Amino acid sequence: MRRIYCIETYQGDGVYRIKRQKAGKEESMSDEKITWSSFLKLMMTIALPVALQNLLSTTAGMVDTIMIGSMGELAVAAVGICSQISSLFFSCYWGFAGGAMLFFAQYWGAKNQRGINQTFGVTFLFMTVVGSAFAITAVTNPEFMLGIYTDKENIIRMGAPYIRIVGFAYPLQVFAVLVSFFMRATERVKAPLFCSIASLLVNFVLNFVLIYGRFGAPKMGVAGAAVGTLASGIVNLLLLVIFLLASKCEIRLRLREMFGFQKEFFGAYLSKCLPILANEMLYGVGQMIINIVIGHQDESAIAAMAAFRVCEGFVYAFFGGLSNAASVIIGKEVGSGHLPRAYNYCRKSSMFCPMVTFAVVAVMALFGGPILGLFGLGEMAMTYGKYMLLIYLVFGTIRTCNYIMNESYRAGGEAVFGTVLEVSCLFVISVPATWIAGMVLKLPFLGVFAFVYTDEIIRLLVETRYTASGRWIKPVTEQGIQALPEFREWLRSRRGRGWGKLSDGKIPRH
């Protein structure tokens with residue numbers, strides 16, 4: 001057996017270079033073979049806690065919708081419209097969160113503490129601005145925000161108290177997301193999971209007490225659900241901060257480094273984050289237009305859509321967790337200079353995650369009646385919901401594959417290609433088709449819904465080819481940049497063999 005020696009050299013600014021030597025011969029660590037068993041083990045180590053955390057977050061939204069369901073379809077529809085405002089808010093801050101994950105993961109691979117601190121500080125400033133802007137608008141003029149999505153006055157009147165109270169939670173939410181992403185990127189995934197469990201319990205208890213007026217509390221209805229959401233957000237953030245301060249990690253957050261960022265870093269950060277931000281904001285606008293079309297359907301359709309969004313959230317809990325795990329793994333490998341391994345992790349993730357989505361949606365479609373029955377839907381809304389799940393069985397699987405590949409691009413350092421493709425397909429195909437179907441042709445609701453995901457097929461064809469090219473791997477660390485020439489040679493040596501036949505990361509020796 002040949003002896004393996006590991007050499008670690010300090011490069012300055014918190015950056016370490018790690019190499020191996022076999023029998024006196026220097027060799028890249030990317031020579032290690034990636035098997036399906038090792039891939040699944042690593043994915044589950046990170047993905048399972050994240051998926052459970054996402055599932056708990058979705059369950060919190062489901063708790064609101066189910067408990068409100070006893071008050072009738074109108075209440076469900078009102079909460080559903082309010083959730084669309086929260087989705088737009090999500091799109092506006094997610095660009096900075098996604099950019100932060102890119103830098104967190106790559107700097108974690110390079111063990112660059114200063115880079116991680118600067119990323120945290122800049123992201124905190126931008127996300128705070130977004131959270132504060134939405135909070136002020138939601139608290140001071142909720143009717144205006146709801147009026148964008150629906151023209152039904154009874155839904156606006158019922159939803160206004162909800163969105164006004166939830167607005168106070170928006171600044172807390174962005175900080176909690178940032179802390180959670182930082183802990184995930186540094187492979188501390190259990191603490192955010194525990195915080196989500198605690199906040200869900202708080203949400204459930206307060207909903208039970210305040211919606212129905214239990215134990216002498218006032219019967220607040222929809223507003224009671226909002227209070228529960230706000231309180232659970234406060235608990236989640238407090239626990240995250242406690243875990244962050246108490247946990248031991250070689251990377252520590254330091255105020256001086258967080259807000260002492262240099263001009264060069266600021267420019268590099270924006271060059272990666274702005275395309276992601278543009279992607280998320282334009283995607284949010286596109287979804288807003290689609291939701292406006294849905295908001296002009298009948299009340300049964302709006303209620304069915306609210307219930308479907310919760311079910312869709314459950315699906316996202318699984319593939320979102322897998323996506324986060326893939327981002328951490330790929331970003332870490334790119335940052336540490338193991339580029340072929342990052343490439344093959346992306347390849348395996350893009351095959352595995354859609355299979356998980358198909359299985360989850362298939363189970364939901366099979367048990368659609370009992371699941372949708374939890375939301376207090378009428379007969380027509382139940383019918384809508386069952387067929388929506390069948391449509392999503394196909395398009396949701398395709399969408400997951402596209403999502404995983406786009407997130408892999410970002411983790412690898414490429415933030416522009418996925419943005420241009422997703423936004424172009426959305427506004428050229430999906431949005432016009434849905435608008436024409438719903439607002440011009442006045443097609444039945446299920447016909448309108450089927451057009452929502454029409455852009456995913458085109459994206460799949462383009463992204464599959466781009467992923468195979470490997471051009472999305474663009475490191476921001478010294479180790480990754482220095483490994484690029486050898487990685488490109490490795491790709492050229494395998495050109496023409498097909499994506500599915502590529503080896504598991506072995507670089508040719510010379």
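A brief report on the enclosed structure follows. (Residues numbered from 1 in each chain as written. Predicted model: local features only at pLDDT ≥ 70, side-chain atom pairs only at ≥ 80, totals over all residues. Heavy atoms only, no water.)

Take the nonpolar core next. Membership of the largest hydrophobic core comes to 107 residues, with the highest contact counts inside it found for Tyr170 and Ile330. Tallying contributions element by element places helix 2 (residues 73–110) first for this core, with 21 residues. Sequence-distant contacts of Ile330, that is, excluding residues within four places in its chain, are made with Ala342, Tyr345, Cys346, Ser408, Ala411, Gly412 and Trp472. Among the nonpolar cores identified, the runner-up in size contains 40 residues, and Ala303, Phe375, Met382 and Val452 belong to it. (Core = buried A, V, L, I, M, F, W, Y, C linked by side-chain atoms within 4.5 Å. Buried < 20%, exposed > 50% of the residue type's maximum accessible area, 1.4 Å probe, protein only. Helix = DSSP H or I, 4+ residues; strand = E, 2+ residues; numbered from the N terminus. Contact = heavy atoms within 4.5 Å.)

So, on to the side chain of Arg410. Secondary-structure assignment places Arg410 in helix 14 (residues 379–412). By relative accessible area, Arg410 is classed as buried at 3%. Leaving out residues up to four positions away in the same chain, Arg410 has contacts with Trp94, Leu102, Ile276, Asn279 and Glu280.

Once that is clear, we can look at the packing of helix 12 (residues 339–366) against helix 18 (residues 478–493). Orientation of helix 12 relative to helix 18, taken along the N-to-C sense of each, is 65°, at an axis distance of 9 Å. For the pair helix 12 and helix 18, the contacting residues are Leu339, Pro340, Tyr343 and Asn344 in the first and Gly480, Ala483, Leu484, Phe487, Trp490 and Leu491 in the second. Residues belonging to the contact of helix 12 with helix 18 are distributed by class as follows: eight nonpolar, two polar and no charged. (Axes fitted to C-alpha atoms, helices over the stretch in contact; angles between N-to-C directions. Nonpolar A, V, L, I, M, F, W, Y, C, P; charged D, E, K, R; others polar.)

For the coordinates displayed, the defined rule picks out 34 aromatic pairs. Pairing Phe39 with Phe352 gives two aromatic rings, centres 6.2 Å apart and planes at 85°, and the pair type is edge-to-face. In this pair, Phe39 is assigned in helix 1 (residues 36–69) and Phe352 in helix 12, connecting sequence segments 313 residues apart. Plain terms: the ring middles of Phe449 and Tyr453 are 5.8 Å apart, the flat faces sit at 80° to each other, and that makes the pair edge-to-face. Assessed through its relative accessible area of 0%, Phe449 is described here as buried. Overall, the relative accessible area of 4% leaves Tyr453 in the buried class. Taken together, Phe308, Tyr384, Tyr392, Phe395, Phe445, Phe449 and Tyr453 form an aromatic cluster joined through their ring pairs. Above the plane of the ring of Trp108 lies Lys111, whose end atom (NZ or CZ) is 4.3 Å from the centre. The positively charged end of Lys348 is found above the aromatic ring belonging to Trp36, 5.3 Å away from the centroid. (Phe/Tyr/Trp six-rings, centres within 6.5 Å; stacked < 30°, edge-to-face > 60°. Lys NZ or Arg CZ within 6 Å of the ring centre and 35° of its normal.)

So, about the side chain of Ser300. Relative to the elements of secondary structure, Ser300 occurs in helix 11 (residues 299–335). Given the relative accessible area of 17%, Ser300 is considered buried. Setting aside anything within four residues of it in sequence, one finds Ser300 in contact with Glu73, Met380, Ala381 and Tyr384.

Time to look at the pattern of salt bridges. Within the structure shown, the criterion is met by nine salt bridges. Linking Glu312 and Arg399 is a salt bridge whose minimum nitrogen-to-oxygen distance equals 2.7 Å. Taken together, the positions of Glu312 in helix 11 and Arg399 in helix 14 put the pair 87 residues apart, joining distant regions of the chain. Arg399 sits in the buried class, given a relative accessible area of 18%. Ionic pairing is found between Glu333 and Arg341, a salt bridge with its closest N-O pair at 3.5 Å. This pair shows no difference in class: Glu333 is buried, exactly as Arg341 is. Among the charged side chains, a network of salt bridges with common partners joins Glu422, Glu456, Arg459 and Glu463. (Salt bridge = Lys/Arg side-chain N within 4 Å of Asp/Glu carboxyl O.)

On to a nonpolar patch on the surface. Taken together, Trp435, Ile436, Val440, Leu441, Leu443 and Phe451 make up a surface patch of nonpolar side chains, about 520 Å² in accessible area. Considering the arrangement of structural elements, one finds Val440 in helix 15 (residues 417–440). (Patch = residues over 30% accessible without salt bridge, like charges linked within 9 Å, V, L, I, M, F, W, Y side chains within 5 Å. Areas by Shrake-Rupley, 256 points an atom, 1.4 Å probe, with all protein chains shown as cover.)

An α-helical turn contains 3.6 residues, so any two residues separated by three or four positions project in the same direction. Given a rise of 1.5 Å per residue, 24 residues ought to cover 34 Å, and the 32 Å separating the end C-alpha atoms of helix 15 matches this to within 8%. In the segment just after helix 15, Lys442 is the residue with positive phi, at about 55°. (Expected span 1.5 Å × (residues − 1).)

Geometric values such as these leave the question of function open.
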